[in-house]
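# Close look at the chain arrangement
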Amino acid sequence: MSVTRMCETENGTWLIGSHEADWSYKPLITRQYVLRSEDRGKTWTILPNPRHGGWYVPSFNRMDEGRPISLGGSKVLMLLRTPEGHLWSTRSLDDGLTWTDPVPTSLIHPDAPAMVFHLSDGKTLVVFHHNRCSDRTYTGLDGSKEELMKDRSEVWVSLSKDEGETWSEPRFLFANALYPNMPNPWYSYQCSYLDMFLDGDMINMFVPHRWQRVCHLQFSEQELFNLPGVKDLSI
């Protein structure tokens, strides 16, 4: 399956971050792949290896919901979901033919999807991440562990001007501050899987709020640079 954005490189190659999930295992086992097409979807190849040979974090047997994003020319970055406590990354310098071994980034994030986009200059990357990870005894994601679900309640912003090699200190964007009155913690705190597009310098963001409705948020791109950091919010 694939639930994050694909990308098209400057050479016209399509890349989809796709994964398999085997729910017969407790806890769940996942593997991350890239589906690659040079003919606009008529034929596809699967990387890095045929199923079941995808990428994963050995200590958790998990990696999924990768989000590839073109960096121009033949360069591609992909951020990856893991339960390790950070987003991981892999990159390609040859239009998605080969990829580096995935490694953890500095971006703190729970077992939730990667959400990365370009700003209007076409170079700066913005990643929306939750900047918290409370689950140090991971046993799977079934919605029953409230602390793990709470980790999805905040959205922070980090920027990169060097193609994702390094990321700025996180800045706070918003939080789901509603009373957790849903029958399952999975719903009460959910702010993951957001998407965005730019209209000039205006960010249009869409958030599947609590899995109940889509919220449309609109704000100037410049506001990303004026958001408070951790020290600003400390009492």
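Residues numbered from 1 in each chain as written. Predicted model: local features only at pLDDT ≥ 70, side-chain atom pairs only at ≥ 80, totals over all residues. Heavy atoms only, no water.

## Some thoughts on the overall build of the protein
Along the protein, the regular secondary structure elements total three helices and 15 strands. For a compact globule of 235 residues, the expected C-alpha radius of gyration is about 18 Å, and the protein comes in at 17 Å, within 12% of that figure. Here the C-alpha coordinates of the protein stretch approximately 50 × 45 × 30 Å along the principal axes. Sorting the 235 residues of the protein into buried and exposed places 50% on the buried side. Considering only contacts within the protein whose residues lie at least 6 apart along the sequence, 48% involve residues at least 24 apart. As displayed, the protein has an accessible area near 11,500 Å², and 54% of this comes from carbon and sulfur atoms. Put simply, the protein has 23 plus and 30 minus side-chain charges, and the middle of one group is 4 Å from the middle of the other. (Helix = DSSP H or I, 4+ residues; strand = E, 2+ residues; numbered from the N terminus. Rg over C-alpha atoms; globule rule 2.2 N^0.38 Å. Buried < 20%, exposed > 50% of the residue type's maximum accessible area, 1.4 Å probe, protein only. Contact = heavy atoms within 4.5 Å. Areas by Shrake-Rupley, 256 points an atom, 1.4 Å probe, with all protein chains shown as cover. Lys, Arg positive; Asp, Glu negative; His and termini not counted. Charge placed at Lys NZ, Arg CZ, Asp CG, Glu CD.)

## Points about the sheet that holds strand β15 (residues 213–220)
In sheet architecture, strand pairing relies on hydrogen bonds along the backbone and comes in two forms, parallel and antiparallel. With antiparallel pairing, three strands are arranged side by side in an open sheet as β13-β14-β15. The open sheet has two edge strands with one neighbour each: β13 (195–199) and β15. Looking at each pair of strands side by side, their axes are set apart by 20° on average, direction ignored. Sheet analysis places β13 next to strand β14 (residues 202–209), joined by five bridges and oriented antiparallel. When the sheet's bridge partners are listed, Asp199 is paired in β14 with Met202. (Pairing = 2+ DSSP bridges. Axes fitted to C-alpha atoms, helices over the stretch in contact; angles between N-to-C directions.)

## Overview of the nonpolar core
Among the nonpolar cores identified, the biggest contains 19 residues, and Val126, Phe128, Val157, Leu173, Leu194, Met205 and Leu224 are the most heavily contacted of them. Those elements that provide at least two residues to this core are β10 (125–129), β11 (154–160), β12 (171–175) and β14. Aside from chain neighbours lying at most four places away, what touches Leu224 is Leu119, Val126, Val157, Arg171, Ile203 and Phe219. Core analysis: the second largest hydrophobic core is formed by twelve residues, Val57, Val76, Met78 and Trp88 among them. (Core = buried A, V, L, I, M, F, W, Y, C linked by side-chain atoms within 4.5 Å.)

## Here's the deal with the environment of Gly200
Its place among the elements puts Gly200 in the loop between β13 and β14. With a relative accessible area of 54%, Gly200 lands in the exposed category.

## Structural notes on the pairing of strand β7 (residues 86–92)
Burial analysis of β7 places six of its seven residues in the buried class, the great majority of the element. Bridge analysis of strand β6 (residues 75–81) against β7 gives five bridges, and the strand direction is antiparallel. Each residue of the ladder has a partner; that of Met78, found in β7, is Thr90. Summarising the sheet, β7 and strand β8 (residues 103–108) pair through three bridges and their orientation is antiparallel. Bridge pairing in β8 links Ser89 to Val103.

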